[in-house]
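# Working through the structure, step by step
Chain by chain, the residues run as shown.
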Amino acid sequence: MKKSHLLQALPWARAPAACLNFNCMLILLPVCRNLLSFLRGTIQYCSRTAARQLDRNITFHKLVAYMIAFHTAVHILAHLFNFEWFMDAQVNRNSSLLPFVLSQIGNGDGAAFLNPITTDQTSQTIVMFTTIAGLTGVAITLALILIITSSMEVIRRSYFEVFWYTHHLFVIFFIGLVFHGAGRIVRGQTADSLKVHDPRECADQFETWGQKGSNCTVPEFAGNPPMTWKWVVGPMILYVCERLVRLYRSHQKVVITKVVMHPSKTLELQMKKKGFHMEVGQYVFIQCPSVSRLEWHPFTLTSAPEEDHFTAHIRIVGDWTQGLYEACVGDKAAPQEAWELPKVAIDGPFGTASEDVFRYEVVMLVGAGIGVTPFASILKSVWYKHTQSKDNVFLKKIYFYWLCPETQAFEWFADLLQSLEGQMTEKNMADFLSYNIYLTRWKETEAAHFRVHHEAENDPITGLKQKTFYGKPNWDNEFTTIGTNHPGTKVGVFLCGPLALANSLEKQCLSHSEGNVKFIFNKENF
């Protein structure tokens, strides 16, 4: 009965609504960081392949968001057609037409109506802004449009604060979503009515419904109960618990013990927090209330688990990082005392793909620019394990690649590489670490300096014995060489860098995984 009135648009509205329920159930789960860290640690013992899928949580979050946007658009378009036909049924006041007869049910006697447009004078716009479904639908749509547009790469990179604040409109989105069906504007024939009024038999007898001698009574309709809350209440509870954990952590005391400003616009913060335990390659979210009370930003930890403090290297590239720099260093010539430094809050640490590095016998570490930070933690931990720990390390060979566009960026990392280089030489383990540093851009004045000092014992840029390469690696040759040197081995490939480089390396892993050599690709995601 309902289908004959609303034609074919109703299925086009309800099918996307069902898909929206499912996708809205999923959208919050990938951003429950503590839940993912727990699952990653648990699944790790069963399957590393399954655990790696959790590292793609942000990608999954984006895909679900795209599906929500698509199904929302289809749902809205379908209901626009529905309301147009609702209005047509009232305008065409002809009792010989089934849509008009259905539209009159419940209009005069207060019975449950079928058509929300009660008269031919009713405005569709008024119905939209005076019903629960209409008001919540408008709120949901506006919130979704703002969230999606502010999530574009250009906005997120250049105006992160806009992205951050508008993303919290998800609260309005979910409140509207839960109450959207409460108005029960989509209606169906009641079960009791179906017993005495079979639509298949009575559809053609609509002119005699309820009349004496007719086998068909006037049908009764009722709104379908809201179902969305059943889909989203579980994830919403999990997310509230997630935020409570973050709130608790944000009130734990964190002490900044040392601040170093490197020439490459990189701020190094050394911090201590009671009960803080980390693994290599993990990251934390940092909040500085004096800069912003709402913003939390992710930074990879560059310290090793063996150290008594934890460290983050922060590139000064936006308003928030600039504000943090001014609060910590600013234009002050003399170092500040610890009590003069700003208060910070820490949430984490959280697991990443780099945690698996010691599970491989051979690894390739590829960092681009500031993307070298997770590998600083790994290389430091390797240094500690070989100098202080008596335990055997399963990891036997590291191939380290660092692609950097400017010479100044090498400075803060060169000391660590020099220490590792000297330590490995002393222990007769010079072959343990093969590092290749690539300068991808340079100035003419720098090029002249490089040519003059090229024959020097140590590299003129890094001070290392291994000379810096200029340009970009030939990945096909690199993978071929490593595959030849390590037959019968699973090689872990770890990247922290841009998407274009990730796509290139993933293709190399697939094309060179042949015979008894397998390259397994892992990428850092924030």
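Thresholds applied
Residues numbered from 1 in each chain as written. Predicted model: local features only at pLDDT ≥ 70, side-chain atom pairs only at ≥ 80, totals over all residues. Heavy atoms only, no water. pLDDT = per-residue confidence, 0-100. Contact = heavy atoms within 4.5 Å. Phe/Tyr/Trp six-rings, centres within 6.5 Å; stacked < 30°, edge-to-face > 60°. Helix = DSSP H or I, 4+ residues; strand = E, 2+ residues; numbered from the N terminus. Buried < 20%, exposed > 50% of the residue type's maximum accessible area, 1.4 Å probe, protein only. Core = buried A, V, L, I, M, F, W, Y, C linked by side-chain atoms within 4.5 Å. Salt bridge = Lys/Arg side-chain N within 4 Å of Asp/Glu carboxyl O.

The next point concerns the confidence of the model for the protein chain. Per-residue confidence for the protein chain gives a mean pLDDT of 79, with 80% of residues at or over 70. Counting interchain partners and residues more than four positions distant, the pLDDT-below-50 stretch residues 1-6 has 24 contacts.

Moving on: the packing of aromatic side chains. The full count for this structure, using the stated rule, is 14 aromatic pairs. Ring geometry for F285 and F350: centres 6.2 Å apart, planes at 80 degrees, overall edge-to-face. In this pair, F285 sits in strand β5 (residues 283-287) while F350 sits in strand β8 (residues 345-350), placing the two residues 65 residues apart along the sequence. The exposure class of F350 is buried, given its relative accessible area of 1%. On the numbers, 5.8 Å between centres and 75 degrees between planes, the contact of Y360 with F494 is edge-to-face. Of the two residues, Y360 sits in the loop between β8 and β9 (362-368) while F494 sits in strand β13 (residues 490-496), which places them 134 residues apart along the sequence. With a relative accessible area of 1%, Y360 lands in the buried category. By relative accessible area, F494 is classed as buried at 1%.

Within the largest apolar cluster, 29 residues are counted, with the highest numbers of intra-cluster contacts made by L365, I398 and F400. Listed by contribution, the elements that provide at least two residues to this core are β9, α16 (373-387), β10 (397-404), α17 (411-426), β11 (433-439) and β13. For this core, the element with the most residues is α16, which contributes 5 residues. In this structure I398 touches V363, L365, L379, V382, F432, L433 and S434, once residues within four positions along its chain are discounted. With 24 residues, the next largest nonpolar core counts I256, L269, M271 and F310 among its residues.

This next bit is on the environment of A182. Note on placement: A182 falls in the loop between α11 (170-180) and β1 (187-189). Separated by 46 residues in sequence, A182 and T136 have C-alpha atoms that sit 9.9 Å apart. Apart from residues no more than four positions distant in its own chain, A182 is found in contact with I132 and P226.

It is worth spelling out the pattern of salt bridges at this point. Scanning all chains against the criterion turns up 8 salt bridges. Between R249 and D347 there is a salt bridge, and its shortest N-O distance comes to 3.1 Å. Of the two residues, R249 sits in helix α14 (residues 228-250) while D347 sits in strand β8, which places them 98 residues apart along the sequence. One exposure class covers both R249 and D347, and it is buried. A salt bridge links D308 to K272, with the nearest nitrogen and oxygen atoms 4.0 Å apart. Remark: K272 occurs in strand β4 (residues 266-273) and D308 occurs in the loop between β6 (297-300) and β7 (310-315); sequence separation between them is 36 residues. Owing to a relative accessible area of 61%, D308 belongs among the exposed residues under this scheme. Among the residues examined, K272 registers a relative accessible area of 38% and is labelled partly exposed. Here the salt bridges share partners, and the residues they tie into one network are R33, E242, R246, R249 and D347.

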